[in-house]
Amino acid sequence: MVDIKFVKTHPRITLPRYESEGAAGMDLRAFLDTDICIAPLERIKIPTGLKLEIPQGYEAQVRPRSGLAVKTGLTVLNSPGTIDSDYRGDLEIILINLGSENVIIKDGERIAQLVVAPVIRADIQEVKELSPSKRGSAGFGSSGVN
């Protein structure tokens, strides 16, 4: 368990929460004064009214909600979006409508999910060559489809 601190920028905002016992992500909600219409292929930043503090050694990943994606075509554009442990600004969600119809977002609607994950930082090493492997440089599609 890791502690994530949230600041609500307005009293009517609901803190994120896990919606089921086994949920990996906590749902994030839109914080809007008026409904927003997202046209097909339009992208928009949706505020949550939250700021957060993540402990060093962790990140928060913003991910789409599968039900919203399959029903409307709405998804998180930079999925997963990464929130670094040293960020203290407003939490906004970049949504894109990949569907064929307009989608209306209402205040308080669950629009994305937040997954907290540990971060492993790499030790960068410059070398003259890489060690061989069975696959080598075989790229896209090289392992087949079955």
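Just above sits the structure.
Anyway, here's the lowdown on the structure attached to this text. Just so it is clear, the model here is predicted, and its values are computed rather than measured.

**Notes on the nonpolar core**
Next, step 1: I93, L95 and I105 are the most contacted members of the largest nonpolar core, which has 27 residues in total.
Next, step 2: Contributing elements (two or more residues each) for this core: β2 (26-29), β3 (36-38), β4 (43-53), β5 (58-63), β6 (74-76), β8 (90-97), β9 (103-105) and β10 (110-118).
Next, step 3: If we skip the residues at most four places from it in the chain, I93 touches L28, I44, K45, I46, T48, V62, V76, I111 and A112.

**Overview of the pattern of salt bridges**
Next, step 1: Applying the stated rule across the entire model yields eleven salt bridges.
Next, step 2: A salt bridge links R12 to D33; the nearest nitrogen and oxygen atoms lie 3.4 Å apart. Residue R12 is located in the loop between β1 (5-8) and β2, and its partner D33 is located in the loop between β2 and β3; the two are separated by 21 residues in the primary sequence.
Next, step 3: With a closest N to O distance of 4.0 Å, E19 and R110 form a salt bridge. In this pair, E19 sits in the loop between β1 and β2 while R110 sits in strand β10, placing the two residues 91 residues apart along the sequence.
Next, step 4: Sharing partners across several salt bridges, the network here consists of R17, E19, D27, R29, R65 and R110.

What counts as what
- Residues numbered from 1 in each chain as written.
- Predicted model: local features only at pLDDT ≥ 70, side-chain atom pairs only at ≥ 80, totals over all residues.
- Heavy atoms only, no water.
- Core = buried A, V, L, I, M, F, W, Y, C linked by side-chain atoms within 4.5 Å.
- Buried < 20%, exposed > 50% of the residue type's maximum accessible area, 1.4 Å probe, protein only.
- Helix = DSSP H or I, 4+ residues; strand = E, 2+ residues; numbered from the N terminus.
- Contact = heavy atoms within 4.5 Å.
- Salt bridge = Lys/Arg side-chain N within 4 Å of Asp/Glu carboxyl O.

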